[in-house]
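Architecture and fold: a report
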Amino acid sequence: MADTVAESSKSFAEKQRERMERLKKLHTQRNEARTSNHQEVIAEDERKKLPANWEARKRQAEWLMADVSARTDAETKGLDYNRVKMLHVSAAEADRIDKLKAKKRNADPGFSDYEAQTARQYNRLVKTMAPRDLAKYEEQKEKYGDAFYGGPNVILQGLHKDTPKAIDNMVKDLEGQIAKRKKFSRRRTHNDDADIDYINEKNARFNKKLERFYGEHTAEIKQNLERGTAI
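Residues numbered from 1 in each chain as written. Predicted model: local features only at pLDDT ≥ 70, side-chain atom pairs only at ≥ 80, totals over all residues. Heavy atoms only, no water.

A closer look at the confidence of the model for the protein
To be explicit about the condition: pLDDT is a residue-level measure of predictor confidence that goes from 0 to 100. Only runs of H or I of at least four residues qualify as helices and only runs of E of at least two qualify as strands under DSSP, and these elements are numbered from the N terminus.
In this model, the protein carries an average pLDDT of 81, and 89% of its residues clear a pLDDT of 70 or more. Across the protein, helix H8 (residues 164-182) holds the top mean pLDDT of 88, while helix H1 (residues 2-9) sits lowest at 54.

What to know about a negative patch on the surface
Applicable threshold: Residues enter patches when their relative accessible area tops 30% and they take part in no salt bridge; the joining distance is 9 Å for like charges and 5 Å for the nonpolar side chains Val, Leu, Ile, Met, Phe, Trp and Tyr. The accessible surface values rely on the Shrake-Rupley method and a 1.4 Å probe; as for residues, cover is taken only from the protein chains in view. Basic side-chain nitrogens of Lys or Arg form a salt bridge, by our definition, when they fall within 4 Å of a carboxyl oxygen of Asp or Glu. Charge assignment in this entry is limited to Lys and Arg as positive and Asp and Glu as negative, and neither His nor the chain termini are counted. Charge placement uses NZ in Lys and CZ in Arg. For Asp and Glu, CG and CD serve respectively.
Judged by side-chain charge, Asp133, Glu138, Glu139 and Glu142 come together as a negatively charged surface patch. Its place among the elements puts Glu142 in helix H7 (residues 134-144).

Brief notes about the pattern of salt bridges
Stated precisely, the cut-off is as follows: Three labels apply to residues, based on accessible area from a 1.4 Å probe with only protein chains included: buried if under 20% of the type maximum, exposed if over 50%, partly exposed otherwise in between.
Counted by the stated rule, this structure contains 6 salt bridges. The shortest N-O distance in the salt bridge between Lys77 and Asp73 comes to 3.6 Å. For Lys77, a relative accessible area of 57% translates into the label exposed. Asp73 sits in the partly exposed class, given a relative accessible area of 39%. The partner of Arg124 in a salt bridge is Asp173, and the shortest N-O contact between them spans 3.3 Å. With Arg124 in helix H6 (residues 114-127) and Asp173 in helix H8, this residue pair connects regions lying 49 residues apart in the sequence.

Here it is in structure tokens:
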């Protein structure tokens, strides 16, 4: 009741002044919103003009700058930067980095000698092995005794029997090796008795493609050219 009386006691000029203040405040807020929207539109347009990998490049540049700054700081203090950096890397992160480096490294540079080839084959087979079963390990250790570790005077023949699952895995691996060898392209031997109708190896491969697709259609023309009876 008191508020109503106070409201009614205000003059027209006071009411008009309050309305104008509210209107001015709304006008200011509208201008601020318009300016903010305009700035966002400009920023979005600039982002669209940037390269697709701009964010990644920016993060990389920031990381490089931080790395250089940290390295300089460590050298100033007389510390080994690599050791300082590894103190802030977790074991999981270090393992992930090692796996990435191993994946990028070429594990099979080609045949160098039989020892290196055997080592690569051994590492490949080890990676396909099932996880270690410690219960089975202790069981076999107790079962075989001294023969478990082998030795120059230990006869292992007949002590161990392969399980059907292990045999199936071996057969599966051999079949995979055979299928992989079939995909290899061996170098064809040169036939000295074949006709020479090419000037280099690239031209020879091109002529073989022509013969494969059009040989049956051009056989008579080729024979006439060789006999000299072509018109």
